[in-house]
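What the coordinates show
What follows is the residue order along each chain.
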Amino acid sequence: MAVLNDEQTMLRDMAREWADNEAPVGAFRKMRDAAPAEGYDPAAWAEMGQMGWAGIVVPEAFGGSEFGYLSLGLVLEQLGRNLAASPLASTAAATTAIVLGGSDAAKTEWLPKIAAGEVVATLAVDEGPHHDPSKIATSVSGGRLSGAKEFVAEGDSAALFVVAAADGLYLVSGDQGVSRSPRHMADSRSHARVTFDGAKAEKLGGTDLTAKVIDRATAALCAEMLGMAEQAFATTNDYLKTRVQFGQQLSSFQALQHRMAKMFTELELMRSAVEGALEAIDANRSDVDQAVSLAKAIASDTLHLVSREMIQLHGGIGMTDEHDAGLYIKRAYVLETMWGNAAYHRERFARLNGY
């Protein structure tokens, strides 16, 4: 478990309190049923901007707090606990590309707006059904970008896109040369197919920058997955302690105790791996890519296990829409595949270690 400083502890506690009071699972249900075009509650996103969360990875010189990725992960973990729908993770990934990129003009123009929560940005990479950065056909000619990206998170409402082309990352404003087709996914969140038809593009960096930004987007995703897994486990544990069958609490049955013990140990391992990846990013370590792949592989396997067990151990009630279990497993299935599934990252981890 990461050792937090006083500021990080306050940030985590504030995020937890806000998520519980202002963005419980019920708020997600309300958003899902209302089906806003953005795929999230704009008022809640505005509050996050006011609290400074949109600027956590923005340098202080541009209006951010520059708290780093571990701090961002603490917030995303708390939002993940309650399935809070927000563009924070996607915006942070795009922000990172601008911060690490070579365009001073882009930093000056966009970072203050992002830090204030005025702009939603996102990262557009994949062009097929599976994550594969090596297969990118999007190209740029004469400063104009053309191509199509599948399943872009927050693609419905993003005002700014960081787009992966064959030769690196480009910054594209969403107001011209960009068309969007909503994707209706199981998690009821914003996903879109985004087509770029000669959109004006500004280069941020080469393929090495693409790899760095994807790693940071993946680590942020893992933090949300950690929060989801922790809450799914806690909800199931509480249920087993209160549900009575055959005159006994379910938690008294040894077979169920063993299943809960397995999930608990896997969750502890998941936390170590996820926080380790976030700390590696903040320390700018040379093994960030390995740490991220390790975290995503473990996070995908663990969330898969805990979300499935949540349904099974709740029995019939877990199969209904009235219970939260189905909401967790639907979001889990989407996140497990985003930025590469467990098999992809195990293979990548082995390749990075020379196997």
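The present account deals with the structure reproduced in this document. Just so it is clear, the structure is predicted and the values come from calculations on it, not from any experiment.

Brief notes about helix α3 (residues 42-50)
Every buried residue of α3 is listed here: Ala44, Trp45, Met48 and Gly49. Buried residues along α3 cover an arc of 145° about the axis, so they all sit on one side. Of the surrounding elements, those touching the buried residues of α3 are α1 (6-22), α4 (69-81), α5 (88-100) and α6 (104-115). A side-chain oxygen of the first residue of α3 lies 3.0 Å from the backbone nitrogen of alanine 43; this N-cap is aspartate 41.

Comments concerning the packing of aromatic side chains
Enumeration over the complete set of coordinates arrives at three aromatic pairs. Positioned above the aromatic ring of tryptophan 110, the side-chain terminus of lysine 113 is 5.1 Å from the ring centre. Here arginine 183 stacks its cationic end above the ring of phenylalanine 151, 4.7 Å away from the centre of that ring.

Some remarks on unusual backbone geometry
Here alanine 35, not a glycine, exhibits a phi torsion of approximately 50°, which is positive. Notably, serine 188 is not glycine yet its phi reads approximately 60°, a positive angle. Inspection of the secondary structure assignment puts serine 188 in the loop between β6 (178-182) and β7 (191-205).

Concerning the side chain of serine 71
By the secondary structure assignment, serine 71 is in helix α4. For serine 71, a relative accessible area of 1% gives the class buried. In contact with serine 71, not counting residues within four places along its chain, are Gln8, Leu11 and Ile56.

Here we look at the environment of proline 24
By the secondary structure assignment, proline 24 is in the loop between α1 and α2 (25-34). A relative accessible area of 30% means that proline 24 is categorised as partly exposed. The spacing of proline 24 and alanine 84 is 60 residues in sequence and 7.1 Å in space, taken between C-alpha atoms. What proline 24 contacts, discounting residues up to four positions off in sequence, is Ala19 and Asn82.

Description of the pairing of strand β1 (residues 121-124)
A two-sided burial pattern is seen for β1, the buried positions comprising Ala121 and Leu123 on one face and Thr122 and Ala124 on the other. Pairing of β1 with strand β4 (residues 160-165), which is carried by four bridges, proceeds in the parallel orientation. By the bridge assignment for β4, leucine 123 is matched with valine 162.

Rules of the game
- Residues numbered from 1 in each chain as written.
- Predicted model: local features only at pLDDT ≥ 70, side-chain atom pairs only at ≥ 80, totals over all residues.
- Heavy atoms only, no water.
- Buried < 20%, exposed > 50% of the residue type's maximum accessible area, 1.4 Å probe, protein only.
- Helix = DSSP H or I, 4+ residues; strand = E, 2+ residues; numbered from the N terminus.
- Arc of directions from axis to C-beta.
- Contact = heavy atoms within 4.5 Å.
- Polar contact = N/O pair within 3.5 Å; in protein donor to acceptor, adjacent residues only side chain to side chain.
- Phe/Tyr/Trp six-rings, centres within 6.5 Å; stacked < 30°, edge-to-face > 60°.
- Lys NZ or Arg CZ within 6 Å of the ring centre and 35° of its normal.
- Pairing = 2+ DSSP bridges.

Functional significance is not addressed by these values, which are geometric in nature.
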